[in-house]
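A closer look at the structure
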Amino acid sequence: MTNNLAVVGGGVIGLSAAWRAARTGREVTLYDPEPVRGGASWLAGGMLAPVTEAWPGEEDVLRLGEESLRRWPGFARDLGKEGVDPGLAEHGTLVVAFDSADAGHLDILAGYLHSIGRAAERLTGREAKRLEPGAGSVRSGLHVPGDLAVDNRKLLEALHAACVRHGVRFVRERVETLPDAGAVVLAAGAWTGRLHPRLAGAVRPLKGEILRLRPRRGCLPPPARTIRAVVEGRPIYLVPRGASELVLGATQYEAGFDQSVTARGVRELLEGAERVFPAITEYELVETAAGLRAGSRDVLPYIGVLDDGVFAATGHHRNGLLMAPVTADAVVAWLEGEEPPEGVDAASPARLHQKEHV
């Protein structure tokens, strides 16, 4: 299609697309005022969990997420060959319930996953505690062994190094209009809606606060796998980074482009985490931060052609890290004039135009 590509956005989606495109021999320029560290990807939990995120009515999201999950091992191996290990972990996820309301939520999820043939093992409270002895007073659980996780910061640094190795040029500025290039990929996360009229109002920021904690000497080490729960109606997750760190999230609410960390958000996360993993109260709190996820109108991202020479790769909600491989491969398929990966058609931004004319 063209040998000259501009990518707007230096988070996980933009870096992945730039790297994959540069590997094909194209001249790639990436625009971002602070690539790698400046966006929501740097603050992510790192869960690659389409099955645990699944919910009735969101089958297209599940299919796209599973397609990307299948691509993750090869994606990670390719990055490792570039010289930096992205920190892919295969420890699975444990979802726990603490009261009847939580258990009811878990029953719905378990029943749905069973109905669509996905691997998930229902556990009693005792069985869940046996799997993760540090968990709190668990009523029941659900073990999803196929979920993966990645160290998001190692991943972003690996992608940046791979881009540099393949000659990607970085322009450290925020663009307000489309760059002059033969082809353009819009991957600026929550800010993408400002770059093209068809995305105006279709992409919005969703604020999420996240904490990083470190076990002090004598503390129980972090859990061996990701633990997720709903505590008093609020979702929470704990993602281990080996034995040295624990990532805790995730609040999510509408707050425009405000990225301040609130006392209420920190309190809710810590109170929920204490119930899930009581030993966390003795951990050292080493970081508090808030990022802006890119929300779409219907949970599905926008992956596909906007108009001649412009490709959307945005609106991934909580699934930016998960869907990076399939999104990057969709960009390369577009550049090569090939069919996109399975599941991508449902995410086409053409659905915005269709809804406007219903």
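A quick note: this is a predicted structure, and the numbers were derived from the prediction, not measured.

Let us look at the overall build of the protein. Helix and strand content of the protein: 8 helices and 17 strands. Taken against the 2.2 N^0.38 rule, which gives 21 Å for 358 residues, the C-alpha radius of gyration of the protein at 20 Å falls within 12% of a compact globule. With respect to the three principal axes, the spread of C-alpha positions in the protein is 60 × 45 × 35 Å. Counting across all 358 residues of the protein, residues that qualify as buried make up 57%. In the protein, of all internal contacts separated by at least 6 residues, the share reaching a separation of at least 24 is 76%. For the protein, the accessible surface area stands at approximately 15000 Å², while carbon and sulfur atoms represent 48% of it.

Moving on: the sheet that holds strand E8 (residues 148-150). Strand order in the open sheet made by the 3 strands is E3-E8-E4, with antiparallel pairing throughout. In this open sheet, the two edge strands, each paired with only one partner strand, are strand E3 (47-48) and strand E4 (88-89). Where E3 meets E8, 2 bridges bridge the pair, whose relative direction is antiparallel. Residue pairing for E8: Met 47 is matched across the bridge by Ala 149.

With that settled, the discussion passes to the nonpolar core. With 60 residues, the main nonpolar core has Leu 155 and Val 185 as its most contacted residues. If one sorts the elements of this core by residue count, helix H7 (residues 320-336) sits on top with 9 residues. Each residue touching Leu 155, except ones within four places of it in the same chain, is listed here: Val 12, Trp 72, Phe 75, Leu 79, Pro 86, Val 150 and Leu 321. The next biggest cluster of nonpolar side chains, apart from the first, holds 24 residues, and it includes Val 96, Ala 135, Leu 246 and Leu 269.

Now for the domain arrangement of the protein. Along its sequence, the protein is carved into domain 1 (4-86 + 150-203 + 296-353) and domain 2 (90-147 + 205-295). If you average the C-alpha positions of domain 1 and of domain 2, the two centres end up 26 Å apart. Across the boundary between the two partners, domain 1 contributes 36 residues, which contact 34 residues of domain 2. A buried area of about 2700 Å², summed over both sides, lies between domain 1 and domain 2, and 60% of it is on carbon and sulfur atoms. If you look at where domain 1 meets domain 2, you find 4 salt bridges. Note that Glu 53 is salt-bridged to Arg 228, the shortest N-O span being 3.1 Å. With 4 residues, helix H2 (residues 59-81) is the largest single contributor of residues to the side of domain 1 that touches domain 2. Of the residues contributing to the side of domain 1 that touches domain 2, the split by class is 19 nonpolar, 10 polar and 7 charged.

Moving on, we get to empty space enclosed by the protein. Taking a probe equal in size to a water molecule and rolling it over the atoms shows the remaining empty space. Tallied over the full model, the rule gives 1 cavity of 30 Å³ or more. Estimated volume of the largest cavity: approximately 100 Å³. In terms of lining residues, the largest cavity is bounded by 13 residues, among which Glu 53, Ala 54, Glu 58, Val 61 and Asn 319 are the most central. Within the residue set of the lining of the largest cavity, elements represented by two or more residues are H2 and H7.

It is worth spelling out the packing of aromatic side chains at this point. The tally for this structure, following the rule as stated, stands at 5 aromatic pairs. With a centroid separation of 5.1 Å and 70° between ring planes, the pair formed by Trp 72 and Phe 75 is classed as edge-to-face. Taken together, the residues span about one helical turn, with Trp 72 and Phe 75 both in helix H2 at a distance of 3 residues. Given the relative accessible area of 0%, Trp 72 is considered buried.

The rules we used
Residues numbered from 1 in each chain as written. Predicted model: local features only at pLDDT ≥ 70, side-chain atom pairs only at ≥ 80, totals over all residues. Heavy atoms only, no water. Helix = DSSP H or I, 4+ residues; strand = E, 2+ residues; numbered from the N terminus. Rg over C-alpha atoms; globule rule 2.2 N^0.38 Å. Buried < 20%, exposed > 50% of the residue type's maximum accessible area, 1.4 Å probe, protein only. Contact = heavy atoms within 4.5 Å. Areas by Shrake-Rupley, 256 points an atom, 1.4 Å probe, with all protein chains shown as cover. Pairing = 2+ DSSP bridges. Core = buried A, V, L, I, M, F, W, Y, C linked by side-chain atoms within 4.5 Å. Domains from an automatic or database assignment. Buried area = accessible area lost by both parts, 1.4 Å probe. Salt bridge = Lys/Arg side-chain N within 4 Å of Asp/Glu carboxyl O. Nonpolar A, V, L, I, M, F, W, Y, C, P; charged D, E, K, R; others polar. 1 Å grid on protein atoms, 1.4 Å probe; cavity = no way out; pocket = protein on both sides within 12 Å on 5 of 7 lines; lining within 4 Å. Points joined across faces, edges and corners; volume = space filled by probe spheres on them. Phe/Tyr/Trp six-rings, centres within 6.5 Å; stacked < 30°, edge-to-face > 60°.

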